[in-house]
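So you can see what is in the structure, the chains are spelled out below.
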Amino acid sequence: MLLVCRRQQILGTSPRMTAFRRVRPVSSFPHPPLTFSSLPATVGDAVARRQGNRKGPAISASPAIAEPSAGIGYAGPVGRFLRRRAEGRTIPVIAVCLAILGLWYCAAIGVNWATETDKLARAGDYSTLNAVAATWSAERPVLPVPHQIVAEVWKTVFEVRPTSPRSLLFHAWVTLSSTLLGFLFGSALGVLLAVGILFSRTLDKSLMPWVVISQTIPILAIAPMIIVVLNSMGVQGLLPKAFISTYLSFFPVTVGMVKGLRSPDRMLIDLMHSYSANSLQTLVKLRFPASLPFLFTSMKVAVAASLVGAIVGELPTGAVAGLGARLLAGSYYGQTIQIWSALVMASLMAAVLVWLVGLCERAALRRQGMLR
Amino acid sequence: MSKASLAPALRGSQSPATRLGGLAVLTALLALAAIMLLPDGGWLLALAALAVWAAAWALTATMARLQPKSPAAGRALAIAIPLTFGVTLLFLWECVVRGLNVPPVLLPPPSAIAATIVSSAGLLFADFVQTFLKAVIAGYVLGCGAGFLTALLVDRSPFLKRGLLPIGNLVSALPIVGVAPIMVMWFGFDWPSKAAVVVVMTFFPMLVNTVAGLAASSAMERDLMRTYAASHGQTLFKLRLPAALPFIFNALKINATLALIGAIVAEFFGTPIVGMGFRISAEIGRMNTPMVWAEITVAALVGSLSYGAIALIERRATFWHPSVRKG
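Note that the coordinates shown come from a computational prediction; the quantities given were computed from them, not determined experimentally.

Trainee: How do you make sense of the overall build of chain B when you look at a structure like this?
Mentor: Helices and strands together make up the secondary structure of chain B, namely 13 helices and 0 strands. Each helix (α) and strand (β) of chain B, taken in turn from the N terminus, gives the series α-α-α-α-α-α-α-α-α-α-α-α-α. What you see for chain B is a C-alpha radius of gyration of 26 Å, clearly larger than the 20 Å of a compact globule of 327 residues, by over 25%. For chain B, the spread of C-alpha atoms along the principal axes amounts to about 80 × 55 × 30 Å. Within chain B, the proportion of its 327 residues that are buried is 50%. When contacts within chain B are restricted to residue pairs at least 6 apart in sequence, those whose partners lie at least 24 apart make up 69%. For chain B, the computed accessible surface area is about 15200 Å², with 73% contributed by carbon and sulfur atoms. Considering chain B, the positive charge centre built from 23 side chains and the negative charge centre built from 11 side chains are found 13 Å apart.

Trainee: Can you help me understand the nonpolar core in this one?
Mentor: Counting 126 residues, the largest nonpolar core has A:Met225, A:Val312, B:Val265 and B:Phe269 as its most contacted members. Looking at this core element by element, the count peaks at 15 residues for helix H11 (residues 232–267) of chain B. Filtering out sequence-adjacent residues up to four positions away, A:Val312 remains in contact with A:Leu220, A:Ala223, B:Val265 and B:Phe268. Of all hydrophobic cores here, the second largest spans 13 residues; its members include B:Leu26, B:Ala48, B:Phe91 and B:Leu92.

Trainee: What exactly am I supposed to notice about the confidence of the model for chain A here?
Mentor: In low-pLDDT regions, the fine details of the predicted coordinates are not to be read closely. Per-residue confidence for chain A averages 76 on the pLDDT scale, and 78% of its residues sit at or above 70. The low-confidence segment residues 1–70 of chain A (pLDDT under 50) makes 67 contacts with residues lying over four places distant or belonging to another chain.

Trainee: Looking at this model, I keep getting lost on the domain arrangement of chain A. Mind explaining?
Mentor: Interface size is often expressed as the accessible area that is lost when the parts come together. Residues and elements named next belong to chain A. Annotation of chain A at the domain level lists domain 1 (79–143) and domain 2 (168–368). Taken over C-alpha atoms, the centre of domain 1 sits 37 Å from the centre of domain 2. Contacts between domain 1 and domain 2 engage 7 residues on the former and 6 residues on the latter. Summed over both partners, the interface of domain 1 with domain 2 comes to about 440 Å²; 53% of that surface belongs to carbon and sulfur atoms. At the boundary of domain 1 and domain 2, one finds 1 residue pair in polar contact (both at pLDDT 80 or more). Here the residues of the side of domain 1 that touches domain 2 sort into 5 nonpolar, no polar and 2 charged.

The rules we used
Counting from 1, residues in each chain are numbered in the order their sequence is written. Chains carry letters and ligands carry numbers; both start at the beginning, A for chains and 1 for ligands, and go up in the order they are written. Under the rules for a predicted model, residues below a pLDDT of 70 receive no local features and side-chain atom pairs below 80 are neither given nor counted, while totals for whole chains, interfaces and linings still include all residues. Water and hydrogen atoms were dropped before computing side-chain values, which therefore reflect all heavy atoms in the structure. Every helix listed is a DSSP run of H or I at least four residues long, and every strand listed is a run of E at least two residues long, numbered separately from the N terminus. Radius of gyration: over C-alpha atoms. The globule rule applied is 2.2 Å multiplied by the number of residues raised to the 0.38 power. Three labels apply to residues, based on accessible area from a 1.4 Å probe with only protein chains included: buried if under 20% of the type maximum, exposed if over 50%, partly exposed otherwise in between. Note on contacts: a residue pair is in contact if any heavy atoms of the two residues lie within 4.5 Å. For the accessible areas, the method is Shrake-Rupley and the probe is 1.4 Å, while residue cover comes only from the protein chains on display. Under the convention used here, Asp and Glu are negative, Lys and Arg are positive, and both His and the chain ends fall outside the count. Charge coordinates come from a single atom per side chain, which is NZ of Lys, CZ of Arg, CG of Asp or CD of Glu. In this description, a nonpolar core means a group of buried Ala, Val, Leu, Ile, Met, Phe, Trp, Tyr and Cys residues linked to one another through side-chain atoms lying within 4.5 Å. Residue-level confidence of the predictor is summarised by pLDDT, bounded by 0 at the bottom and 100 at the top. Residue ranges assigned to the domains are those given by an automatic or database domain assignment. Once two parts are joined, some of their accessible surface, as seen by a 1.4 Å probe, is lost; buried area is that loss totalled over both. Polar contacts, as counted here, are pairs of nitrogen or oxygen atoms within 3.5 Å of one another; within protein the pair requires one atom able to donate a hydrogen and one able to accept it, and residues that are adjacent in sequence qualify only if both atoms are side-chain atoms. Residue polarity is assigned by list, with Asp, Glu, Lys and Arg as charged and Ala, Val, Leu, Ile, Met, Phe, Trp, Tyr, Cys and Pro as nonpolar; anything else, Gly included, falls into the polar class.

This is the structure we're talking about:
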């Protein structure tokens, strides 16, 4: 044990520490860390609040019971519920959303005003109220208002058969299938490559720098070429788009997974060593479980990237099917509402996909006991 | 140097330097043989390419196993190894494409791409000016600046902070490039519409990161500023903004890539007849793949150079940060 500790001292930083270094906020600025800073942040905040910082915002949740004015202003269950929500995130988020909606409606009046009043003036006399109503219900507005978009989404999702090309669900499914296929391939490839990089020093030194550099280049620019070239070879439909999604999603997974596989610190690896575990056993029983948080974080990035890849992959074939095709067709024919509804659908899909990955993450971490 | 004198070097009985030199010479000789075989093509070329690959792999492996004593040698090695790998890959690409007679429409050899870059440098430069110098730079500065200023405002109100942060985090996962057709409709075909897409794409990462960064200084440090009777502005400029710099630079680096992607994809939706995205979509329509590859090479270079430039500024600006300072 002592030996291990000393080894760790000699080695200096464990891989986990180096992994976190970049993201960890500075604790040693402008003075070296004190023992105080090892307290959890909430404790520090609470202490700071009590030490005269009382005017500052109380961001951490429950106020101390014995604080002055504790218990005053008790407003029954409804008031307490509202206050808790306001201290949490629900009410602020709802308020910001409402503010955005309000701004949106106001902006729509301003943006659509010129064209709509023009139309009304040609038809005859009009009042201001009529003009405002017209800006919110134009057929091809410059900026459609939210209720028009919701109505369009509702119409194209629920009132049209899902198999017809007029249905948004049909297009969403086309995009989703290639996104998912590409994401699965990309994640599998990324994990495999990360394991390869872990075991082979040569791969680590030669391939890893290129993987890192490839994160900084606009890979998406390659999408039209892949589509057209594969198309000329007779490969059409799902596969070329899935290929682009694969390509976009495997880089983040590789980078995150390499970081994660190296995250167990020296002590744990030495422990595996003293159990006489071989490297495969260490991989399966220690490194892989330890890498899960990293894997899920990078998979969230990857699933968003592969959706973007699938959408962009639908552009060059000319508007055939998919959300990207809807965007392109909308921009050809000036159908702004169609563009916005495709955009809303894509955003919903991205949110749901990221949420699903997050759900898997919580399930896996709970199984590991990392989450309550 | 003959094969006979190489043999003991390859057996590995010598010092690593000898072995390295032997392998390097062997790789170069094999590559020379492969180049001489290039015009003929056929299975002999494939064999030569395979031999080059094996030798280069051995060379890379030997280099990776080295443990240099001086830090300068270590840095040189850290560049040399991926460089060898990359050059080998390009060489194999060339050999495979020319040896197997792959039609250039599918995959042009690197030499053809390089020739295209040289012969149409003027065109590529015009595209670079249109897409990068006009759209990306303008959009990047506006988007990052707006995100930063909004973060400073939002920081004054904890209510807004709690409300905007989850939304900002959500938005960063959405396919924002989709706003490209809308922006093209609003701002026309020329570069302002692309800059607008870039503004929308870069705004939220900057906002979220800056808000997180402004919360990065610890309560102790803020209390210290309070004991100095520092005003809000003084605390901001002397403590919280410097402490937020790593976060801000993180956003700047993320945005450097996003901005280029946004501008290129926006050009797929309509442009004047110049620009990187336009060139890619137009030339691929004419099946002129070498030109597309040339454009992609330029985009990759621009992307990694701008990222590198920001990383360099970061190292200078955040010299005190543990990830930058030595020891």
